[in-house]
Amino acid sequence: MKEKKDKNILSVRNLSFSYNSRKVLENINFDVKEGEVVSILGPNGVGKSTLVNLISGVLEGYEGVIEIEGKDIRKLSSEDIAKLAGVVPQSTYPAFDFTVHEIVMMGRHTYTSRFKAEGKEDFDIVNEAMEKTKILQLSKRRFSELSGGEKQRVIVAQVLAQNSPVLLLDEPTSHLDINFQIEFMNLFLSLNKNENKTIIGIFHDINLAIQNSEKIILLKEGRVFNSGRVEEVITRSSIKSVFGSDVFVGRNPVTRKLYVSPIFSPANSDNMGNLYPPLKKSLKVHVIGGGGAASPVINLLHSRGYNVSCGVINTLDTDIETAGMLGIPYVAEAPFSPISLNSQEKNLQFIKSSDVVVLPGVEFGPGNFSNLESVMEAVRMNKKVIVIDEKEIGLRDHTGGKAVELYRKVIENGAVVVKSEDEILNYL
Amino acid sequence: MGTGKRTLKCVILLLAILILLVIIAASVGAAKISLKETALIMLSFVPGFNNLVDSASIDSQNFVIISQIRLPRIALSIFVGIALASAGVIFQGLFRNPMADPYVIGVSAGAAFGATIGLLFVKNSGPAGISITALFALCGALATTFLVYNIAKIRGKISVVTLLLAGIALSAMLSAMTSFIMIFRVHDMAKVVFWVMGGLTSASWAKFNILAPVVIILVVVSGFFMRDLNVLSLGDERAAQLGVETERVKKILLVMASLIAAVAVSMSGIIGFVGLITPHILRLIVGPDHRILYPASAVAGGIVLLVSDTMARTVLMPREIPVGIITSIIGVPFFLYLLVKSKREAF
């Protein structure tokens, strides 16, 4: 099983590389310990594949030092590097129609003498590799007749026949459907777990990478932007800085692993901005939260650039996660507790300093009834109040009628009623 | 079954066919000599068997015809065939393209240009056994290959696409130059045209003694790189990942195959299609593994050219047809038939 991870199996020191005169990688430094699963992330063209090609000895003419198992690969032959690190490429196109077995046997190239044919040991290793990737029954088939997923299994078997302690994955599943992505990821992870293979991967899918890696190396403009544990490296701001994209960084509710989810908002893209009314940046909007009802509203207003705040929400509520991810101020209450007077007071402070108060389709019970009272207060303060009346209040009232009564009063006293969150924008 | 065993079986079978065809080829010609007598005459050359042959049963004139006229030509045709098919396999493997042939990087145009100069401007004859034309053709072929190779070498790496394009471009230029020279020597044009069409009419043991050792050495040494050629068919990058010293192997094989092709062309002129089609046919039969394909193609190349040349000298007796015409007219339809029949291979 997995050994203690204290030995560096790969270390990259001051690595720089240029194609012609264009600098692709500049002063890259990182270590990978034996048995680790590491992902290299970064936008297209940042030099991820170049890095893999340098580590696997395919590219030469770099500055700096790359060591695998403490050996400087500059001093090793291609054959010896292939014994240390195997690469799973995106796809492979043999020029001639080899059989599956012939293709897998090519993985033994580095072990076979020029003057001999492969021996029994090679055949045994190839068989074992084909068994692990479940392609034994395809052995005599032509590679060209296989499906994309089968082809990739053959290539993984080829790499396993190389018997290298390090596996470099160069977007191995980006041409495949999600079932194959899962299958191959499980295969790589089991190789890591059972055979202590060190896995260094580039993945097209950022979530595939961060959910399955222990360490991330984030590249930006040919340099290491940040590297370390997933939680340290993958943040909203680091993704924004490296990819230039707005994302949520949340936790998968099932696995508790981090996940990244893009924020799609047409207003963010320059060419579509004109479709919307000009933005009143100074406008402060306070959104009443609870049970996730506020999240879409918060996201919409935030992405349009308004100053959004939210309250009162219980810790662990989806709305609080949204507010936290977007970095907007909010009033929080202890989990599963009724809103205290103190919190209500803070909420009213937010309302007082806001221009607009939005009440999304929150469910009301005795614990958060005071949120509705705060809305009533906002009406009394002559704030503009917008009520999103998507789901009938009667169905959302768990207070025995009190909420319905107060809700009607809010509307009667001048709150604007809209049917969906998109309509809010018309009243801002 | 191991690759080694399969290869051996395949090559032995092909060699048996070849020997049989040699006897048949030696017996046909202007002088009628029976198969049996031919076989006996040939057996008398083989050490250990010559005692078995009763020399009285052999007609001395037939002995001379076979040993001094037919056999050198047969031997030469076999070795030129071996050379062309071997070079064809290597070039197709290197270029990852079944359309490549031994002449793909300009060997033929260079040889033709050299031969033209030799034929038209040099009056002295060459050193023993080799015509000055062959020598000039060899120089032309090698110089062209060298030039193409250096054009395609960028910072120590060979770009296969550049190699192909440079070969095509340089071939075009050399062909134009050959034509340009011929404008001024219209009365000599036929000589050049006949040389270019390819033939083995001037075969002799002297020629063979120069060609055979060179071909054997080059073909055998290249043979040790066939597993590399297999892996290279996955692409340079993938091959390097699997531990192939791609640039070194490519350079070695490129130089070897060019030399093989150049030597063959200088001896026989430009014989088309043998180097292209033989590897194809054998790939359909034995599969793409170069460790089997290469030796099998080499022997088969010998067979193809032997049969073609025998037809070239006998079909319109006493008139000779340039063997290049036979290889194309007979070889191409046969190849097309195989291509259509075999749906397995998707080129």
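Quick caveat: nothing in here was measured; it's all calculated off a predicted structure.

## Some words on the pattern of salt bridges
1) Next: Evaluation of the coordinates by the stated rule reveals 26 salt bridges over all chains.
2) Next: As a salt-bridge pair, Lys71(A) and Glu69(A) come within 3.8 Å of each other at their nearest N and O atoms.
3) Next: For Asp236(B), the salt bridge goes to Lys250(B), with nearest N and O atoms at 2.5 Å. Note that Asp236(B) is positioned in helix H10 (residues 236–241) and Lys250(B) in helix H11 (residues 246–268), a separation of 14 residues in sequence.
4) Next: The exposure class assigned to Asp236(B) is partly exposed, which follows from its relative accessible area of 29%.
5) Next: Taken together, the salt bridges that share partners define one network made up of Arg229(A), Glu231(A), Glu232(A) and Arg251(A).

## Points about the sheet that holds strand E6 (residues 85–88) of chain A
Residues and elements named next belong to chain A.
1) Next: Taken in spatial order, the six strands make up an open sheet running E6-E7-E8-E3-E9-E10, and their pairing is mixed. Looking at strand neighbours, the two that pair on one side only are E6 and strand E10 (223–229), the edges of this open sheet. Neighbour-to-neighbour, the strand axes of the sheet open up by a mean angle of 15 degrees, direction not taken into account.
2) Next: Here six bridges tie strand E9 (residues 215–220) to E10, and the two strands are oriented antiparallel to one another. Looking at E10, one finds that Ile216 is bridged to Gly228.
3) Next: Contacting E9 and E10, helix H9 (residues 236–243) runs over the sheet at an angle of about 40 degrees to E9.

## Comments concerning helix H12 (residues 274–286) of chain B
Residue and element names in this part refer to chain B.
1) Next: Relative to the 18 Å expected for 13 residues at 1.5 Å per residue, H12 spans 17 Å between its end C-alpha atoms, a close match to the ideal helical length.
2) Next: Judged by how many residues are buried, H12 sits mostly within the fold: twelve of 13 residues are covered.
3) Next: Check the buried side of H12 and you find it contacts helix H1 (3–27), helix H3 (60–94), helix H13 (290–314) and helix H14 (323–341).
4) Next: In the segment just after H12, Gly287 is the residue with positive phi, at about 95 degrees.

## Considerations on unusual backbone geometry
Residues and elements named next belong to chain A.
1) Next: The omega torsion across Gly311 and Val312 is -25 degrees, close enough to zero to call that bond cis.
2) Next: Inspection of the secondary structure puts Val312 in strand E14 (residues 307–314).
3) Next: Phi angles above zero are rare outside glycine, and Lys134 is one such case at about 60 degrees.
4) Next: For Phe336, which is not glycine, the phi dihedral falls at a positive 55 degrees.
5) Next: Mapped onto the secondary structure, Phe336 falls in the loop between strand E15 (330–333) and helix H12 (341–353).
6) Next: Take Phe336: its relative accessible area is 77%, and that puts it in the exposed class.

## Structural notes on the interface of chain A and chain B
1) Next: Between chain A and chain B, the contact holds 35 residues from the first and 32 residues from the second.
2) Next: For the pair chain A and chain B, the summed buried surface comes to about 2900 Å²; carbon and sulfur atoms form 53% of the total.
3) Next: Three residues, Phe96(A), His109(A) and Arg114(A), lead the burial of chain A against chain B; their summed loss comes to 27% of the area buried on that side.
4) Next: Summed over the shared surface of chain A and chain B, the result is one salt bridge.
5) Next: A salt bridge links Arg291(B) to Glu118(A); the nearest nitrogen and oxygen atoms lie 3.1 Å apart.

## Considering the pairing of strand E2 (residues 22–33) of chain A
Residue and element names in this part refer to chain A.
1) Next: Bridging between strand E1 (residues 8–19) and E2 involves eight bridges; their strand directions are antiparallel. Along E2, the bridge assignment pairs Tyr19 with Arg22.
2) Next: With antiparallel pairing between neighbouring strands as the criterion, E1 and E2 make up a hairpin whose turn holds two residues, including Asn20 at a positive phi of roughly 50 degrees.

## As for the sheet that holds strand E17 (residues 384–388) of chain A
Residue and element names in this part refer to chain A.
1) Next: Strand order in the open sheet formed by six strands is E15-E14-E13-E16-E17-E18, and the pairing between neighbours is parallel. Across the chains shown, the open sheet's two edge strands, defined by having one partner strand only, are E15 and strand E18 (416–418). Within the sheet, the average angular offset between the axes of one strand and its neighbour, ignoring direction, is 20 degrees.
2) Next: Pairing geometry for strand E13 (residues 284–288) and E14, over five bridges, is parallel. Bridge assignment links Ile288 to a residue of E14, and that residue is Gly311.
3) Next: Against the sheet, helix H15 (residues 402–412) touches strand E16 (356–359), E17 and E18, its axis set at about 130 degrees to E17.

## A look at the packing of aromatic side chains
Ring pairs (aromatic) are described by centroid distance and by the angle formed between their planes.
Residue and element names in this part refer to chain A.
1) Next: Tallying each qualifying case throughout the model produces eight aromatic pairs over all chains.
2) Next: Cluster of aromatic residues (ring-pair linked, three or more members): Phe180, Phe184 and Phe188.
3) Next: The ring of Tyr111 is capped by Arg108, whose NZ or CZ atom sits 4.1 Å from the centre of that ring.
4) Next: Positioned above the aromatic ring of Phe369 is the side chain of Lys402, whose terminal nitrogen or guanidinium carbon lies 4.7 Å from the ring centre.

## Here's the deal with the nonpolar core
1) Next: Counting 158 residues, the largest nonpolar core has Val104(A), Ile234(A), Val80(B), Phe91(B) and Trp195(B) as its most contacted members.
2) Next: It is H3(B) that provides the largest number of residues to this core, a total of 17 residues.
3) Next: Residues within four places of Phe91(B) in sequence aside, it is in contact with Ala100(B), Asp101(B), Pro102(B), Val104(B), Ile105(B), Leu254(B), Ala257(B) and Ser258(B).
4) Next: With 32 residues, the next largest nonpolar core counts Val12(A), Tyr62(A), Ala85(A) and Val166(A) among its residues.

## Description of helix H1 (residues 48–55) of chain A
Given 3.6 residues per turn, any residue in an α-helix points the same way as the ones three and four places further on.
All names here are of chain A.
1) Next: Counted residue by residue, H1 has seven buried out of eight residues, so it is predominantly covered.
2) Next: For H1, the set of buried residues is Lys48, Thr50, Leu51, Val52, Asn53, Leu54 and Ile55.
3) Next: Positive backbone phi, at 80 degrees, marks Gly57, one or two positions downstream of H1.

## Describing the packing of H1(B) against H13(B)
Relative orientation and spacing of two packed helices are given, respectively, by the angle between their axes and the distance between those axes.
Residues and elements named next belong to chain B.
1) Next: Close contact between H1 and H13 brings their axes to 9 Å; oriented N to C, the two are set at 10 degrees. It follows that H1 is roughly parallel to H13 by the angle criterion. Of H13, the residues touching H1 (which contributes Thr3, Arg6, Thr7, Cys10, Val11, Leu14, Leu15, Ile17, Leu18, Leu21, Val22 and Ala25) are Arg291, Ile292, Pro295, Ala296, Val299, Gly302, Ile303, Leu306, Val307, Thr310 and Arg313.
2) Next: When grouped by side-chain class, the residues that make up the contact of H1 with H13 number 16 nonpolar, four polar and three charged.

## Examining the side chain of Lys197(A)
Residues and elements named next belong to chain A.
1) Next: Note on placement: Lys197 falls in the loop between helix H6 (178–195) and strand E8 (198–202).
2) Next: Of the buried charged residues, Lys197 lacks a salt bridge, with Glu195 as the closest side chain of opposite charge at 4.1 Å.
3) Next: Residue contacts for Lys197: discarding those within four places in its chain leaves Gly35, Glu36, Leu160, Asn163, Ser164, Pro165, Leu167, Leu191 and Asn192.

## Some thoughts on the confidence of the model for chain B
All names here are of chain B.
1) Next: Averaged over all residues, the pLDDT of chain B is 84; the fraction at 70 or higher stands at 93%.
2) Next: Element-level mean pLDDT values for chain B span from 78 in strand E2 (residues 157–158) up to 93 in helix H9 (residues 226–232).
3) Next: Overall fold confidence (pTM) sits at 0.81, and the ipTM for the predicted complex is 0.85.

## Considerations on a nonpolar patch on the surface
1) Next: A contiguous nonpolar surface patch, about 380 Å² in accessible area, is contributed by Phe115(A), Ile216(B), Val220(B) and Phe224(B).
2) Next: Inspection of the secondary structure puts Phe115(A) in the loop between helix H3 (100–105) and helix H4 (120–132).
3) Next: Phe115(A) sits in the exposed class, given a relative accessible area of 58%.

## Examining the confidence of the model for chain A
1) Next: Averaged over every residue, the pLDDT of chain A is 87; the share at 70 or more is 95%.
2) Next: Contacts of residues 268–275 of chain A to residues separated by more than four positions or lying in other chains number four contacts, the stretch itself having pLDDT below 50.

Cut-offs and rules
Residues numbered from 1 in each chain as written. Chains lettered and ligands numbered in written order. Predicted model: local features only at pLDDT ≥ 70, side-chain atom pairs only at ≥ 80, totals over all residues. Heavy atoms only, no water. Salt bridge = Lys/Arg side-chain N within 4 Å of Asp/Glu carboxyl O. Helix = DSSP H or I, 4+ residues; strand = E, 2+ residues; numbered from the N terminus. Buried < 20%, exposed > 50% of the residue type's maximum accessible area, 1.4 Å probe, protein only. Pairing = 2+ DSSP bridges. Axes fitted to C-alpha atoms, helices over the stretch in contact; angles between N-to-C directions. Contact = heavy atoms within 4.5 Å. Expected span 1.5 Å × (residues − 1). Buried area = accessible area lost by both parts, 1.4 Å probe. Phe/Tyr/Trp six-rings, centres within 6.5 Å; stacked < 30°, edge-to-face > 60°. Lys NZ or Arg CZ within 6 Å of the ring centre and 35° of its normal. Core = buried A, V, L, I, M, F, W, Y, C linked by side-chain atoms within 4.5 Å. Parallel < 35°, antiparallel > 145°, perpendicular 65-115°, else oblique. Nonpolar A, V, L, I, M, F, W, Y, C, P; charged D, E, K, R; others polar. Lys, Arg positive; Asp, Glu negative; His and termini not counted. pLDDT = per-residue confidence, 0-100. Patch = residues over 30% accessible without salt bridge, like charges linked within 9 Å, V, L, I, M, F, W, Y side chains within 5 Å. Areas by Shrake-Rupley, 256 points an atom, 1.4 Å probe, with all protein chains shown as cover.

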